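Residue-level structural notes
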Amino acid sequence: MITILGVSTQALFGQLLIGLINGSFYALLSLGLALIFGLLNIINFAHGALYMMGAFCAYFLLTKAGIGYWGALVIAPLLVGIFGSAIERLMISRLYQLDHIYGLLLTFGIALVVEGLFRIEYGSTGMSYPVPASLAGGDNLGFMFLPRYRAWVIVGSLAVCLGTWFLIEKTRLGSYLRAATENPDLVRAFGINVPLMITMTYGFGVGLAAFCGVMAAPIYQVSPQMGSELIIVVFAVVVIGGMGSIMGAILTGFLLGLVEGLTKVFYPEAANTVIFILMAIVLMIRPAGLFGTQK
Amino acid sequence: MTEQRQEALLSVEGLRAWYGESNVLHGVDFEVREGEVATLLGRNGAGKTTTLKSIMGMIAKRDGSIRFDGVELIRLPSNKVARLGVAFCPEERGIFSSLNVEENLLLPPKVRSDGLTMTQVLALFPNLQERSLSQGSKLSGGEQQMLAIGRILRTGARLLLLDEPTEGLAPVIVDQIRRTVLHLKSAGFTILLVEQNFRFAATVADRHYVMENGRVIDMILNEELQMRMPVLHRYLGV
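From a predicted model like this one, the values you see are computed outputs, not experimental measurements. (Residues numbered from 1 in each chain as written. Chains lettered and ligands numbered in written order. Predicted model: local features only at pLDDT ≥ 70, side-chain atom pairs only at ≥ 80, totals over all residues. Heavy atoms only, no water.)

Each helix and strand in chain B was counted, giving 9 helices and 10 strands. A compact globule built from 238 residues should have a C-alpha radius of gyration of about 18 Å, and chain B, at 17 Å, falls within 12% of that. Overall, the C-alpha framework of chain B stretches about 50 × 40 × 35 Å when taken along its three principal axes. Taking all contacts inside chain B whose residues are at least 6 apart in sequence as the whole, residues at least 24 apart take part in 69%. (Helix = DSSP H or I, 4+ residues; strand = E, 2+ residues; numbered from the N terminus. Rg over C-alpha atoms; globule rule 2.2 N^0.38 Å. Contact = heavy atoms within 4.5 Å.)

The next point concerns the sheet that holds strand 1 (residues 8-19) of chain B. The pairing of strands in a sheet comes from backbone hydrogen bonds and takes either a parallel or an antiparallel form. Residue and element names in this part refer to chain B. On the basis of which strands lie adjacent, the open sheet formed by 4 strands has the order 2-1-4-5 and antiparallel pairing. Strands with a single pairing partner mark the edges of an open sheet, and in this sheet they are strand 2 (22-33) and strand 5 (71-72). Note that strand 1 and strand 4 (residues 61-68) share 7 bridges and pair antiparallel. Of the residues in strand 4, the one forming a bridge with W18 is K61. (Pairing = 2+ DSSP bridges.)

Once that is clear, we can look at the packing of helix 1 (residues 9-40) of chain A against helix 5 (residues 148-170) of chain A. Residues and elements named next belong to chain A. The N-to-C vectors of helix 1 and helix 5 enclose an angle of 25°; their axes lie 9 Å apart at closest approach. Accordingly, the angle class assigned to the pair helix 1 and helix 5 is roughly parallel. Crossing angle aside, the handedness with which helix 1 passes helix 5 is left-handed. Packed against helix 1, whose contacting residues are L17, I18, L20, I21, S24, F25, A27, L28, L31 and L35, the element helix 5 presents R150, V153, I154, S157, V160, C161, T164 and I168 at the interface. Counted by class, the contact of helix 1 with helix 5 contains 14 nonpolar, 3 polar and 1 charged residues. (Axes fitted to C-alpha atoms, helices over the stretch in contact; angles between N-to-C directions. Parallel < 35°, antiparallel > 145°, perpendicular 65-115°, else oblique. Left-handed = near helix turned anticlockwise from the far one by under 90°. Nonpolar A, V, L, I, M, F, W, Y, C, P; charged D, E, K, R; others polar.)

Our next topic: the pairing of strand 3 (residues 37-42) of chain B. Residue and element names in this part refer to chain B. The element strand 3 is extensively covered by neighbouring structure, given that 6 of its 6 residues are classed as buried. Neither face of strand 3 is exposed, since V37, T39 and L41 on one face and A38, L40 and G42 on the opposite face are all buried. Summarising the sheet, strand 3 and strand 8 (residues 190-194) pair through 4 bridges and their orientation is parallel. Residue pairing across strands places A38 opposite L192, the latter belonging to strand 8. Summarising the sheet, strand 3 and strand 9 (residues 207-212) pair through 5 bridges and their orientation is parallel. Bridged to T39 within strand 9 is H208. (Buried < 20%, exposed > 50% of the residue type's maximum accessible area, 1.4 Å probe, protein only.)

Moving on, we get to helix 6 (residues 172-182) of chain A. Taken residue by residue, helix 6 of chain A has G174(A), S175(A), Y176(A), L177(A), R178(A), A179(A) and A180(A) as its buried positions. Close packing links the buried residues of helix 6 of chain A with helix 1, helix 5, helix 7 (184-189) and helix 8 (194-216) of chain A together with helix 3 (101-106) of chain B.

On to the side chain of S78(B). Within the fold, S78(B) resides in helix 2 (residues 78-83). Look past the residues within four positions of S78(B) in its chain and what remains in contact with it is D185(A), R188(A), A189(A), M56(B), G57(B) and M58(B).

In structure tokens:
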């Protein structure tokens, strides 16, 4: 067996793969958070709960309607996106005139309520969700075994992240969004329905979270607390990356997944804390984050 | 007032506006006729900018009447006002720093089909052509002002609300803005201009409204300006 620094390549690449998978989820989730923060100026604490709803949506679609993984990958983000848009319209939109802390409290409350409702019905045990048949099995690459589903998660997430980046940085719609992030009143005075754009952006951001939840369902257990476990790390990722940049959120997500994976190989004791240590260091050196702009 | 047979494109009556609890406009009355350039003159804090923003629908708390081309605007949000053909160029220019010059120019959607073409806009402001891929934040003050005016000419808006377009600009740029305003007037645009610099205003406008403490207190036709200069000086405290 080949070893690098006393670690077998099999273990090393295995952990790097897990790191990239986690990185995909960090990227999808922090991307949505960055979009929402940019336009709505709220830190969406409900993001983890909406990610969990995405996974549950996939589970319900399969068990109650017989709709499989690929259907769920489209339907779950749509349903959760509509749910999110309704929340924005009915509740969050009432808070824009107030201090940011109210948006944070409201979305934190929404997260607790949503999680609580799922816990009443499903307790805290997880349900398993099968890997879609078309992606079952894996390939031996010589230096490691690559499960096909995991390869898909990385490629699929990367494609969605880059697609979102393109939409925002390179299209007309994206230029409206960037402009409204800077000066919503003026963009509205040009004839653009900014309140509608805000609702759609929130819906899109939480739709990304739900997409991520469906992606995660076959890998993790589908459980009510799956979101709150992940979202703490994602907030650390957002702090490290900074809120300003879409590409920054994507890169930081994947990068920190890899860092976490490597730490698991070389110093497993620190695997759960390495991101928070990095966060502390970044906060000391660049308080606005690696890609953020100082305000 | 026999000369006012011609229907006004914009008529403002009894306009009141508030920032939060503080009442800024106390009943503003004036009108602008089609194809005219009118200015709002007055000291700082007289309510000129608030009047423009109220017409544009950017001040949430307002009442009275603002009629544009026969349509009542007082209850419309700013995006609907813009769609009727009113465009606003703010005092701080409002160039989006995360967009390049071209994206800034293309940002305001077309509300009518008869606006200037991109080529015509760039012919008015050749500097913008050279800077088209620069970020908005990298422009000089004069270039920002040209961009801020240029981008609302494409939309097909008929009424342009320009808030202090010459503020802080070098004389050569002020001349260019003057030529632009006169060109737009001859092209049929109706323009309402807020100005501190009444020497500039005198060279472009047909009539001047003088504001004080949230009201229009006088109207001076441009041809009467020389004669009424002493009274204008008193109003403006210069």
